[in-house]
Amino acid sequence: MARMTKEWVDALFEYGVDRANRRVFLFDDIDNQPIGMVIKALYYMDSESHQPIELFVGSYGGCEYDMFSLYDAIRTLKSQIHTTAMGKCMSAAPLLVSCGQPNSRYATPNTFFMVHEGWDDIGVKRYDELKKDMRHFEQINKRWCALMAKHTHKPATFWKKLCSEVGDHYFDAYQAQEWGVIDHVWEEKQD
């Protein structure tokens, strides 16, 4: 096994990777830098052992492409990925929690979820370029809805309708459990 450098260990802690306990914490936006580190850490832990890895997510969301990258990593690892949503699980984040190992997807009781239709700042473009971009964005939205349907109790049409409403659609951990985004809500420990 390769020796881990101090820089590698520092980077792991900076990005919320607890290698010893096989835990990864994603509490940043879902974009290039944190997702790259999370994917590297998941594959590294998977190469060490095929014991379950815990992925904790508390994110406002981010880039769809980076969401799909992490989704694909989670779904191709040999290790089971147990997911937990904490605090906020919004935009791109609910898919990442829902695609974890069935019966091992959790949320803390005060977690709030949010979904909305995908969007991008497409800037100033010609009309024909805008039409191409819109077709691509529609394809991304369809893919997201299909993947949510695959991992929840609700069909793609449900997710499409929910996301096509004007603005953001918020729901709590208990609604997420009812819809199959998660399997369990952690209860507070009794004193």
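You'll find the structure just up there.
Fair warning: this is a prediction, and the values are worked out from it, not measured in the lab. Every chain's residues receive numbers from 1 upward, in the order its sequence appears when written. In keeping with the predicted nature of the model, local features appear solely for residues at pLDDT of at least 70, side-chain atom pairs appear and are counted solely at 80 or more, and the whole-chain, interface and lining totals rest on all residues. Excluded from the side-chain calculation are hydrogens and water; included are all heavy atoms of the structure.

## Considerations on the overall build of the protein
To qualify as a helix, a DSSP run of H or I must reach at least 4 residues; to qualify as a strand, a run of E must reach at least 2; elements of each kind are numbered from the N terminus. Along its length, the protein carries seven helices and eight strands. Looking at the protein as a whole, 46% of its 191 residues are labelled buried. The contact criterion used throughout is that any non-hydrogen atoms of two residues lie within 4.5 Å. Put simply, of all contacts in the protein between residues at least 6 apart along the chain, 70% involve residues at least 24 apart. Only the protein chains shown count as cover for residues, and all accessible areas are computed by the Shrake-Rupley method using a 1.4 Å probe. Surface exposure of the protein reaches about 10900 Å², of which carbon and sulfur atoms provide 52%. Each residue is assigned to one of three classes by its accessible area relative to the maximum for its type, calculated with a 1.4 Å probe on protein chains only: buried under 20%, partly exposed between the two thresholds, exposed over 50%.

## Considering helix α3 (residues 64-76)
The terminal C-alpha atoms of α3, which comprises 13 residues, lie 18 Å apart, in line with the 18 Å expected from a rise of 1.5 Å per residue. The set of residues buried in α3 consists of Glu64, Asp66, Met67, Phe68, Leu70, Tyr71, Ala73 and Ile74. Looking at the buried positions of α3, the neighbouring elements they touch are β2 (23-26), α2 (32-48), β3 (53-59), β4 (81-90), α4 (93-98) and α5 (127-151). One fewer than the residue count of a helix, multiplied by 1.5 Å, yields its expected span.

## Some remarks on the environment of tryptophan 159
In this structure, tryptophan 159 sits in helix α6 (residues 156-164). Given a relative accessible area of 0%, tryptophan 159 falls into the buried group. Taking the C-alpha atoms as reference, tryptophan 159 lies 8.7 Å from tryptophan 144; in sequence the two are 15 residues apart. Residues contacting tryptophan 159, with those up to four places away along its chain left out, are Val115, Trp144, Cys145, Met148, Ala149, Thr152, Lys154, Phe171, Trp179 and Val181.

## Topic: the side chain of aspartate 46
If you trace the backbone, aspartate 46 turns up in helix α2. With no salt bridge to any partner, buried aspartate 46 finds its closest opposite charge in arginine 22, at an N-O distance of 5.4 Å. Each polar contact in these results corresponds to two N or O atoms within 3.5 Å; when the atoms are within protein, one needs to be able to donate a hydrogen and the other to accept it, and residues that are neighboring in sequence are counted only if both atoms are side-chain atoms. Within the structure, the side chain of aspartate 46 is placed 3.3 Å from the side chain of histidine 50, a separation counted as a polar contact. Beyond its immediate chain neighbours, meaning those up to four positions away, aspartate 46 contacts Arg22, Ile53, Leu77, Lys78 and Ser79. We score Asp and Glu as negative and Lys and Arg as positive, and we do not count His or the chain ends. Whenever a carboxyl oxygen of Asp or Glu lies within 4 Å of a side-chain nitrogen of Lys or Arg, that contact is scored as a salt bridge.

## Thoughts on the pattern of salt bridges
With the rule as written, the count across this model stands at four salt bridges. The salt bridge involving aspartate 183 is made with arginine 105; its shortest N-O contact spans 2.7 Å. Remark: arginine 105 occurs in strand β5 (residues 105-107) and aspartate 183 occurs in the loop between α7 (173-179) and β8 (184-185); sequence separation between them is 78 residues. Across the pair, arginine 105 and aspartate 183 agree in class, each one buried.

## Some details on the pairing of β3
As a general feature of sheets, a regular strand has side chains that alternate between the two faces. Among the seven residues that make up β3, six are buried, leaving the element largely enclosed by the rest of the structure. DSSP-based pairing: two strands are paired if at least 2 bridges between them are found. Of the pairings in the sheet, the one linking β2 to β3 comprises four bridges and is parallel in character. Of the residues in β3, the one forming a bridge with leucine 26 is valine 57. Each parallel crossover has a hand, and the one from β2 via α2 to β3 is right-handed. Relative to β4, β3 is paired through six bridges, and the arrangement is parallel. Following the sheet pairing, serine 59 is matched in β4 by cysteine 89. With strands facing away from the observer, any crossover in which the path from the first strand over the helix to the second runs clockwise is taken as right-handed. Crossover β3 to β4 through α3 is right-handed.

## Notes on the packing of aromatic side chains
Here a pair means two rings of Phe, Tyr or Trp (six-membered ring of Trp) with centres within 6.5 Å. Their orientation is stacked below 30 degrees between planes, edge-to-face above 60, and tilted elsewhere. In total, this model carries ten aromatic pairs according to the counting rule given. Note on phenylalanine 25 and phenylalanine 56: the rings are 4.8 Å apart at their centroids and 10° apart in plane angle, and the pair reads as stacked. In this pair, phenylalanine 25 is assigned in strand β2 and phenylalanine 56 in strand β3, connecting sequence segments 31 residues apart. With centroids separated by 4.8 Å and ring planes inclined at 50°, the aromatic side chains of phenylalanine 171 and tryptophan 179 adopt a geometry described as tilted. Exposure class is identical for phenylalanine 171 and tryptophan 179. Each is buried. Taken together, the ring pairs in this structure connect Phe113, Trp144, Phe158, Trp159, Phe171 and Trp179 into an aromatic cluster. Whether a charge sits over a ring depends on NZ of Lys or CZ of Arg being within 6 Å of the ring centre and within 35 degrees of the ring normal. Across from the ring centre of tyrosine 60, 5.0 Å away, lies the NZ or CZ of lysine 88, which sits over that ring. Stacked on the ring of phenylalanine 158, the Lys or Arg lysine 154 has its end atom at 5.0 Å from the ring centre.

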